[in-house]
Amino acid sequence: MDSQISKVKRTEKTISKPEDFTNPEALYEQLIRTIQAYHPSTDISMIEKASRIARDAHQDQKRKSGEPYIIHPLCVSIILAELELDKETIVAGLLHDVVEDTTMTLEEVSQVFNAEVALLVNGVTKLGQLSYSEDKMDLQAENLRKMFLAMAKDIRVILIKLADRLHNMRTLQYMKPEKQREKARETMDIYAPIANRLGISKIKTELDDLSLKYLQPDVYAELEKDLEETKSNRQEFINKIVAEVGRHIEETGIKAEIDGRVKHLFSIYKKMIKQDKPFDQIYDIFAVRIKVDTVKDCYAALGVIHEMYKPIPGRFKDYIAMPKENMYQSLHTTLIGSSGTPFEIQIRTFEMHRTAEYGIAAHWKYKEGGGSINKEEEKLSWLRQILDWQQDMSDNREFLSMIKTELDLFTDKVYCFTPQGDVKALPVGSTPIDFAYLIHTAVGNRMIGARVNGRQVPIDYVLQNGDRVAIITSQNSKGPSRDWLNIIKSSQARSKINQWFKTQNKEENIQKGKELTEKYAKSRGLNLSDYTKPEYQKKVMTKYGLKTWEQVMAAVGHGGLKEGQVVNKLVEEYEKDHKAKMTDEDAVAEIESNRKKQIESIRKKSGITVKGIHDVSVRFSKCCNPVPGDEIIGFITRGRGVSIHRTDCVNVVNMPAAERTRLIDAEWEGDAVSGNGELYMTGIILYAHNRTGILLDISKIFMEEKVDIKSISTRTSKQGLATILLSFEIGGKDELNHIVNKLRGIESVVDVERNAG
């Protein structure tokens, strides 16, 4: 048995770190050795050429560490080679930064190599331009849309990007702390889940651990310390289990490789959080892996193991019969060792192990003259689902929510059966409605009931593992109910139900969208017909992934798109087109005319006159939110017109003498003070003795006055004094004073004051 084990171990590959980080020559030699270990030929001329071009292109560039920049693409290519990817992918890995960071163009890449390499480099370059920010929802959604489109075009693009991100995370110590946290959060939220979805656990686990290192440095350091202190005892325990298992497996005549390991840091951290226990109370951190030749041997080995140790009830999972969505297959069982310590055993074939480690990359076959991937389309069904959502969904908040659910690493699954015996995996907590939409959209839309295990159940029945589900449909069904959205758990069902309602109300939404768009254009002093030319409409449709202008208007009508987004994009394209056609003199005249129109529109809307200046843009400061009736003053900003403040604004009162020279008199126009129909944002601070129902009493006054509260936040001191900040829109100071007086009359309210910045 020992000779069999050692033979297998020598051929198994891992995503290793380069042997010498600082020496480009040594890194290149390591790259070639890694390629030649699986490349059936010795022709590496394309890779040699790419390495030479990359080195010349980056010769004057340095990394944050001070090392030559060429080290980065070499390390990225080594990671790709360890995934045994084709030479086009490795070449693209070497060149992935040349177009963005040097003078080399995509056309030159295509000429020197081929169109396939240029396509990959271009895809990675576009992904490199993406930026991530939790508080910039529209930008984040747009970036993710681009990423999934790039993945669909050629999955190798994201494999290069994952290798790029892995090496950047390995060298993140050279970044500033705030940049470290930003990159780590982006990695944990986006790249690690994508690696998991593609089944590449070798990359996913390291990305998780490195993200934890920078997001929770104290936790990471403590875990490392705890693992180091228990290393000898842990190794002794693992060696004992491996020896015991090996002896019994060998006696049955099953050829196997057996090894033991401790689960990676992030996995242990998740267990600590989930179980709410410290490290020394987390016992199932050990895993023993048995790799065999056939599926039959997997189940035979399982029988041997269950004879040796006592299995923990409910902790057996058969991912061979029911694979995970990312292609993962294995038998998992948790057992109690002779010392009473629980540990997990995973049993799989060598091919399953390769898929578990490398996922979609394990199915890539190196071909002389070009790489290709086996048609594993069913393995990427989730990606096709996301692309469908992109077409159906213009609401960025809804899109991001569904992506998060779809990529969520921690979503547990429940496995149910169709009447024909097909297995369907759904999120835990799913209902027959989720099951119906997983079968087919039409089945969900026509659903009127369900039977589970032959028994009629309510539609909010929570599905359990092993349930056999039959959906009852009717041609006379009126379609899904909006109440279903409060019951379902799966992103797919939510998307299809929302799509049904959008389709049903299409004409109404289109008309409403047109009205909102026209109204917005008028508020800006624009004649919409000048901007709704087909060529400008096409740019809007492309930006938001919609096929017709009616779909754009419907999206505005049901709230998926804001009318301002549409009009602003039309104006942007119109101005691009006209600036290119006009002479310099005409351009200046038209720009000046448009500027004056905009200023006049702003002036009319704001109801503000700035003394001594007649063509200035005006905006209200958010620090003190002036409303008609307040005493106001203007502040001349640099490049943004005049900002209007209340005279009692703390920023004005405490303004340095040097800045006060930029203050200018301003006053409300008569229409604004008397009420011109415009609403103005304002804020108040309410102090009260905390009691049950006080927020309800406050809300009731705003409801009676028909004033919409835009935001509310509260905090309560140890002495029970509540401080409540409210933001809302009103017509002027008289209305504000009326509301404040009513609020002061509420029981327990101590005082109410304006938010003065």
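Above this text sits the structure in question.
Being a predicted model, the structure only gives us computed values, none of them experimental.

### Focus: the overall build of the protein chain
Counting its secondary structure elements, the protein chain contains 32 helices and 22 strands. Per-residue burial for the protein chain yields a buried fraction of 48% across its 757 residues. Look at the contacts in the protein chain between residues 6 or more apart in sequence, and 67% of them connect residues 24 or more apart. Accessible area for the protein chain stands at about 37,900 Å²; split by element, carbon and sulfur atoms hold 48% of it.

### Overview of unusual backbone geometry
Positive phi is not limited to glycine here, since Glu84 has a value of about 60°. Take Glu84: it is sitting in the loop between α4 (71-82) and α5 (87-95). Since its relative accessible area comes to 17%, Glu84 is described here as buried. Its identity as a non-glycine residue notwithstanding, Asn453 has a phi of 55°, on the positive side.

### A look at the state of the cysteines
Taken as a whole, this structure holds zero disulfides when the rule is applied. Residue Cys649 stays outside any disulfide, its sulfur separated by 3.5 Å from that of Cys623, the closest cysteine.

### A short note on the side chain of Ser430
Along the chain, Ser430 falls in the loop between β10 (423-427) and α20 (432-439). According to the relative accessible area criterion, Ser430 is buried, its value standing at 0%. Once you skip the residues sitting within four places of it in the chain, Ser430 turns out to touch Tyr461, Val462, Leu463 and Lys489.

### Looking at the sheet that holds strand β12 (residues 455-457)
The strand order across the open sheet formed by three strands is β12-β11-β13, and the pairing between neighbours is antiparallel. Edge positions in the sheet fall to β12 and β13 (469-473), since each of these pairs with one other strand and no more. Looking at each pair of strands side by side, their axes are set apart by 35° on average, direction ignored.

### Topic: the packing of helix α31 (residues 694-704) against helix α32 (residues 733-744)
Look at α31 against α32: their axes get within 10 Å of each other, and the N-to-C directions meet at 150°. Classified by chirality, the crossing of α32 by α31 is right-handed. Residue-level inspection shows Ile698, Ile701, Phe702 and Glu704 of α31 in contact with α32, the latter providing Ile739, Lys742 and Leu743.

### With respect to the nonpolar core
Membership of the largest hydrophobic core comes to 60 residues, with the highest contact counts inside it found for Leu31, Leu95, Phe113, Leu162 and Ile203. Not counting the four nearest positions on each side in its chain, Phe113 is found in contact with Met46, Lys49, Ala50, Ile53, Val91 and Leu95. By size, the runner-up hydrophobic cluster in this structure holds 38 residues, among which are Tyr220, Ile254, Phe279 and Val304.

### Regarding helix α15 (residues 265-275)
Taken together, the buried positions of α15 are Leu265, Phe266, Ser267, Ile268, Tyr269, Lys271 and Met272. Residues of α15 that are buried in the fold lie against α11 (177-197), α12 (201-215), α13 (217-229) and β1 (256-262). At the C-terminal side of α15, Asp276 shows a positive phi close to 55°.

Calculation rules
Residues numbered from 1 in each chain as written. Predicted model: local features only at pLDDT ≥ 70, side-chain atom pairs only at ≥ 80, totals over all residues. Heavy atoms only, no water. Helix = DSSP H or I, 4+ residues; strand = E, 2+ residues; numbered from the N terminus. Buried < 20%, exposed > 50% of the residue type's maximum accessible area, 1.4 Å probe, protein only. Contact = heavy atoms within 4.5 Å. Areas by Shrake-Rupley, 256 points an atom, 1.4 Å probe, with all protein chains shown as cover. Disulfide = S-S within 2.5 Å. Pairing = 2+ DSSP bridges. Axes fitted to C-alpha atoms, helices over the stretch in contact; angles between N-to-C directions. Left-handed = near helix turned anticlockwise from the far one by under 90°. Core = buried A, V, L, I, M, F, W, Y, C linked by side-chain atoms within 4.5 Å.

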